[in-house]
Amino acid sequence: RKDWQTGESTFGSLEGGTLVRCSIDQAAALRQKDHPTLKALGAAVPFEVAIGSNGAVWLKGKTPATTVLLANALLNSLTLSEAATEAMVKVLVERMRKDEEERKERRR
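As a starting point, this report considers the structure included with it. Treat the numbers as computed from the prediction; the structure is a model and nothing was measured.

Reading the values: the criteria
Residues numbered from 1 in each chain as written. Predicted model: local features only at pLDDT ≥ 70, side-chain atom pairs only at ≥ 80, totals over all residues. Heavy atoms only, no water. Helix = DSSP H or I, 4+ residues; strand = E, 2+ residues; numbered from the N terminus. Buried < 20%, exposed > 50% of the residue type's maximum accessible area, 1.4 Å probe, protein only. Pairing = 2+ DSSP bridges. Axes fitted to C-alpha atoms, helices over the stretch in contact; angles between N-to-C directions.

Details of unusual backbone geometry
- Positioned with a positive phi, Asp34 is a non-glycine residue whose angle comes to about 60°.
- If you trace the backbone, Asp34 turns up in the loop between α1 (24–30) and α2 (36–44).
- The exposure class assigned to Asp34 is exposed, which follows from its relative accessible area of 53%.

Re the sheet that holds strand β1 (residues 18–21)
- Strand order in the open sheet made by the three strands is β1-β3-β2, with antiparallel pairing throughout. The strands lining the two open edges of the sheet, one partner per strand, are β1 and β2 (47–51). With direction set aside, neighbouring strand axes in the sheet form an average angle of 20°.
- In terms of strand pairing, β1 meets strand β3 (residues 56–61) through four bridges, oriented antiparallel.

As structure tokens, then:
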């Protein structure tokens, strides 16, 4: 976790990925250390995120499918409990991995 206040962050253009919007309060919650949604997603898939004070959230996964999963999981989790969020992320990641395996099999 890099923060502009510590001088560890670097600024540049956000290339690729997708932008989603949430409320200012939800964005503030997402910026808290160990936010349940970001923690659950980070344990499952690598990704980049930039959360603005204005409610704009930029997400980028390794693949377009991962980016879509991230955006859907994040937006769906905004009204869920921590346990429900963890369960949802688990199901989404399992489904994404299964879909990836099926695509690989079809290519063979």
